[in-house]
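# Reading the structure
Residue-level listing of the chains:
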Amino acid sequence: MTGLATSFGSGAMTNSIADLEQAQTIFVIGSNTTEQHPVIGTRIRKAVRKGAKLVVADPRAIDLANIAAVHMRQRPGTDLALLNGMAHIILKEGLEDKEFIANRTEGFDEWRKVVETYTPARVSEITGIPIDDLFTAARLYAGNKPATICYAMGITQHTVGHNNVLAIANVAMLTGNIGKPGAGIDPLRGQNNVQGACDVGALPNFYPGYQKVIDDAAREKFAKAWGVSLPPKPGLVVGEMLNAAHEGKLKAMWIIGENVAMSDPDVQHVIASLKHLDFLVVSELFMTETAQLADVVLPAASFAEKDGTFSNTERRVQRVRKAVNPPGEARADWQIVCEVARRMSQVSSRKSQVADDSQPVTGDLGPETWNYASPAQIMDEIASLTPSYAGINYERIDAKGLQWPVPSKDHPGTPILHAEKFTRGKGLFSPVEHQEPAETPDQEFPFTLTTGRILQHYHTGSMTHRVAGLETLAPEERVELNPDDAAQMDILDGDCVRISSRRGIVESKAWVTERVGRGVIFMTFHYANALGNVLTNTAVDPVAKIPELKVCAVRVERV
Ligand SMILES: Nc1nc2c(c(=O)[nH]1)N[C@H]1C(S)=C(S)[C@@H](COP(=O)(O)OP(=O)(O)OC[C@H]3O[C@@H](n4cnc5c(=O)[nH]c(N)nc54)[C@H](O)[C@@H]3O)O[C@H]1N2
Ligand SMILES: Nc1nc2c(c(=O)[nH]1)N[C@H]1C(S)=C(S)[C@@H](COP(=O)(O)OP(=O)(O)OC[C@H]3O[C@@H](n4cnc5c(=O)[nH]c(N)nc54)[C@H](O)[C@@H]3O)O[C@H]1N2
Ligand SMILES: [Mo]
């Protein structure tokens, strides 16, 4: 999920949350903001109350669609055509920002040739969106400026997710809606600290600060700092690890705070893969579906039971403070990692006296290396090796967080990215073409399943199913099904339906609702007994390697 990796450096909001209120137009595409990012959703509502125009593109009539100037209900997986089509109209109407294109970008002419083929008629045919709505959206985004784009998983969880993100960058550059207050591209990050985890290199292809594993200079810098030799090739992503486990090529796995036995696509394959491992360790707060498959479970402390930092979706690195003691033997994750590493380095230094094992990571990482006194000391190490975090320490972020890049100890932080130039210098227009999802409806599986979340639950529910109030509000799965489709199959609201895909079968209650269009159904992955991920497809985007969780083909039957 490296988002805007190509032109813009890394996947992060270019602007700040509060900045949304300065936008004249807000374009929300593939984000159910009021349910999944309620704080930002509230900002959007406030901006609209103050007169901003809202454009929503979502296959479902999400809450924000009710206050939108236009809601485009596209067929799932057709965002690229939609965005190219908007660009086409913007050019036809002369609404592009010629000065920005000339001074700040390159590759415009070649790209233009591609979008010229995305006529309103063709785009309407591909997406199912009425031509008039395409015009309204394009005119607002390009004409009523500054305009911001917010996007989330509706854009990225596709086999064309990476190209979708490029298409967003293209329309932002075309209209000069970048690098200024109230403009920008805002990928709304998901988990609490997913931004921070990516920033510090919890990705197989990056060291901290998006320094590339394949870059010799970066690798040598870290090798020197840590006193080890480091592998020159990127590691595997989750899906690749699970496949390797299934094939017996990966023998052991340590999962820290993920419940993949429910959250990954085609979970029956996931569970089979985990069972193939010789050894599985899980660090968890609770005995999740994944932890139950583990040989060893290491009890971890939750956010309220430890000190540290979270980097939020607007790149703000902020402190979190221990409020209560962890229960029992639970410890902070950094302590667990250091304890295990200390023991592993004792074993491997003893081993290296006996035989010369060519391990992927070798060196004198002795037990003393893992003796951090506190998370503050770890942050100092991060700052010493990560240019965008160089100016951050616990003292500076004590009262209020700082937004990276913070290149030096006297730098105030960076609320808006790309104000003068892009990470790569000039912004590059990338020609990208519509491509159908990996699996499209056919006679056997005539519906499109798209998946996501609801307000009341968090992912696999290992935390939220423990909250009685939330369970009262949202006790069970309810598959969203269009009234016309329901009528055709004699399905009434609340009936039990059977949904099958090429991967598996689940049964669930139906919610007959206009929220979804004809031929589309929506499920979550919050409930173990009616789990969307039994059905989902493992096909991935070739660049970002994110699975196509937003589109697969299914059959729906009354039980
Ligand atoms: N309450 C709650 N909040 C959460 C989470 C949670 O589990 N519960 N999870 C957090 C995490 S980790 C994340 S990543 C975010 C996710 O936040 P979002 O991405 O906003 O949530 P989703 O429900 O996955 O999907 C968003 C929207 O994409 C739409 N969509 C489906 N298919 C398509 C398509 O082809 N194109 C477009 N444009 N849209 C499509 C869906 O209809 C849905 O409204 O939420 C975070 N916040
Ligand atoms: N069908 C479908 N599947 C999806 C998605 C979708 O839209 N559709 N979205 C995908 C996305 S964007 C995401 S982010 C994933 C989420 O997938 P997961 O991350 O696997 O889901 P969670 O239920 O959030 O699991 C996190 C676990 O971490 C534990 N935990 C919480 N805090 C801590 C801590 O401090 N330390 C440790 N060690 N553990 C902790 C919790 O108890 C919980 O069990 O799901 C993905 N799967
Ligand atoms: Mo996420």
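Scoring rules and cut-offs
Residues numbered from 1 in each chain as written. Chains lettered and ligands numbered in written order. Predicted model: local features only at pLDDT ≥ 70, side-chain atom pairs only at ≥ 80, totals over all residues. Heavy atoms only, no water. Near = heavy atom within 4 Å. Polar contact = N/O pair within 3.5 Å; in protein donor to acceptor, adjacent residues only side chain to side chain. Areas by Shrake-Rupley, 256 points an atom, 1.4 Å probe, with all protein chains shown as cover. Nonpolar A, V, L, I, M, F, W, Y, C, P; charged D, E, K, R; others polar. Domains from an automatic or database assignment. Salt bridge = Lys/Arg side-chain N within 4 Å of Asp/Glu carboxyl O. Helix = DSSP H or I, 4+ residues; strand = E, 2+ residues; numbered from the N terminus. Buried < 20%, exposed > 50% of the residue type's maximum accessible area, 1.4 Å probe, protein only. Axes fitted to C-alpha atoms, helices over the stretch in contact; angles between N-to-C directions. Parallel < 35°, antiparallel > 145°, perpendicular 65-115°, else oblique. Contact = heavy atoms within 4.5 Å. Pairing = 2+ DSSP bridges. Phe/Tyr/Trp six-rings, centres within 6.5 Å; stacked < 30°, edge-to-face > 60°. Lys NZ or Arg CZ within 6 Å of the ring centre and 35° of its normal. Buried area = accessible area lost by both parts, 1.4 Å probe.

Among the 29 residues in the neighbourhood of ligand 2, the closest are listed as Ser 263, Glu 284, Thr 460, Ser 462 and Asn 533. At a separation of 2.6 Å, a nitrogen atom of ligand 2 approaches a polar backbone atom of Ser 263. One of the side-chain N or O atoms of Asp 333 is found 2.7 Å from a nitrogen atom in ligand 2. A total of 910 Å² of accessible area belongs to ligand 2 in isolation, and the protein chains cover 89% of it. Grouping the amino acids of the shell around ligand 2 by side-chain chemistry returns 10 nonpolar, 13 polar and six charged. A domain split of the shell around ligand 2 shows at least three residues from each of domain 2 (194-235 + 300-403) and domain 3 (447-558).

Applying the stated criterion across every chain yields a total of 29 salt bridges. We note a salt bridge from Glu 436 to Arg 75, for which the minimum N-O separation is 2.9 Å. Of this pair, Glu 436 sits in the loop between strand E17 (427-428) and strand E18 (447-452) while Arg 75 sits in the loop between strand E3 (70-72) and helix H4 (79-92), and the two are 361 residues apart along the sequence. For Arg 75, a relative accessible area of 33% corresponds to the partly exposed category. In this structure, the salt-bridge partner of Glu 247 is Lys 249, at a minimum N-O distance of 2.8 Å. The two residues Glu 247 and Lys 249 agree in class, both being exposed. Among the charged side chains, a network of salt bridges with common partners joins Glu 35, Arg 60, Asp 63, Glu 480 and Arg 515.

Moving on, we get to the packing of H4 against helix H6 (residues 108-115). Orientation of H4 relative to H6, taken along the N-to-C sense of each, is 110 degrees, at an axis distance of 9 Å. Between H4 and H6, the angle falls in the class roughly perpendicular. Contact residues: Asn 84, Ala 87, His 88 and Leu 91 in H4; Phe 108, Trp 111, Arg 112, Val 114 and Val 115 in H6.

Before going further, it helps to spend a moment on the site of ligand 1. For ligand 1, the set of nearby residues contains 32 residues, the closest of which are Asp 58, Gly 77, Asp 79, Arg 453 and His 457. In the environment of ligand 1, an oxygen atom lies 2.7 Å from a nitrogen or oxygen atom belonging to the backbone of Gly 77. Coverage of ligand 1 by the protein amounts to 96% of the 910 Å² it exposes when considered alone. When residues of the shell around ligand 1 are traced back to their parent elements, those giving at least two are helix H2 (33-36), helix H9 (153-156) and E18. Split by domain, the residues of the shell around ligand 1 number at least three in each of domain 1 (5-188) and domain 3 (447-558).

A separate point is the sheet that holds strand E6 (residues 185-187). Strands sit in the order E3-E2-E1-E5-E6 across an open sheet of five strands; the sheet is parallel. Looking at the sheet topology across the chains shown, the edges are occupied by E3 and E6. For this sheet, the mean inter-axis angle between neighbouring strands, taken without regard to orientation, is 15 degrees. Pairing between strand E5 (residues 147-151) and E6: three bridges, direction parallel. Paired with Ile 149 across the strands is Ile 185, a residue of E6. On the sheet, helix H8 (residues 131-143) packs against strand E1 (25-29), strand E2 (53-57), E3 and E5 and is oriented at approximately 120 degrees with respect to E3.

If you trace the backbone, Thr 127 turns up in helix H7 (residues 120-127). Here the side chain of Thr 127 touches Ile 129 through a polar contact of 3.1 Å, landing on its backbone nitrogen. Discounting chain neighbours no more than four positions away, the residues touching Thr 127 are Arg 73, Gln 74, Arg 75, Thr 78, Ala 81 and Leu 82.

Geometrically, the link from Lys 145 to Pro 146 is a cis peptide bond, its omega value of 0 degrees lying close to zero. Position of Pro 146 relative to the elements: it lies in the loop between H8 and E5. In this structure, Lys 545 is a non-glycine residue whose phi angle is positive, near 60 degrees. Residue Lys 545 is classed as partly exposed on the basis of its relative accessible area of 34%.

On to the packing of aromatic side chains. On inspection of all chains with the given rule, the structure shows 10 aromatic pairs. Measuring from ring centre to ring centre gives 6.4 Å for Phe 100 and Phe 422, while their planes differ by 80 degrees; the resulting arrangement is edge-to-face. On the criterion of sequence distance, the pair formed by Phe 100 in helix H5 (residues 98-104) and Phe 422 in the loop between strand E16 (402-403) and E17 is long-range, its members being 322 residues apart. Given the relative accessible area of 0%, Phe 422 is considered buried. Centre to centre, the rings of Tyr 207 and Phe 222 are 4.7 Å apart; their planes meet at 20 degrees, and the pair counts as stacked. With Tyr 207 in strand E7 (residues 206-207) and Phe 222 in helix H12 (residues 216-226), the pair connects residues that are 15 residues apart, well separated along the chain. Phe 222 carries the same exposure label as Tyr 207, and that label is buried. Through a chain of ring-to-ring contacts, three or more aromatic side chains come together here, namely Phe 108, Trp 111 and Phe 429. Of note, Arg 60 hangs over the ring of Phe 522, and the distance from its end group to the ring centre comes to 3.6 Å. Its guanidinium or amino end placed over the ring of Trp 511, Arg 478 lies 4.3 Å from that ring's centre, counting from NZ or CZ.

Turning our attention to the domain arrangement of the protein chain. Domain boundaries in the protein chain define domain 1 (5-188), domain 2 (194-235 + 300-403) and domain 3 (447-558). Between domain 1 and domain 2, the C-alpha centre-to-centre distance is 36 Å. Taken residue by residue, the interface counts 12 residues in domain 1 and six residues in domain 2. The junction of domain 1 with domain 2 conceals about 640 Å² of combined surface from both sides, 49% of it contributed by carbon and sulfur atoms. Connecting domain 1 to domain 2 are zero salt bridges. Taken together, domain 1 and domain 2 are joined by four residue pairs in polar contact (both at pLDDT 80 or more). Its residues assigned to classes, the side of domain 1 that touches domain 2 comprises seven nonpolar, five polar and no charged.

Turning our attention to the side chain of Asp 97. Relative to the assigned elements, Asp 97 resides in the loop between H4 and H5. Take Asp 97: its relative accessible area is 18%, and that puts it in the buried class. Residues contacting Asp 97, with those up to four places away along its chain left out, are Lys 145, Leu 174, Thr 175, Gly 176 and Lys 180.

Along E5, five of the five residues are buried, which leaves the element largely enclosed by surrounding structure. Burial of E5 is two-sided: the residues Ala 147, Ile 149 and Tyr 151 facing one way and the residues Thr 148 and Cys 150 facing the other way are all buried. Bridge analysis of E1 against E5 gives five bridges, and the strand direction is parallel. Of the residues in E5, the one forming a bridge with Phe 27 is Ile 149.

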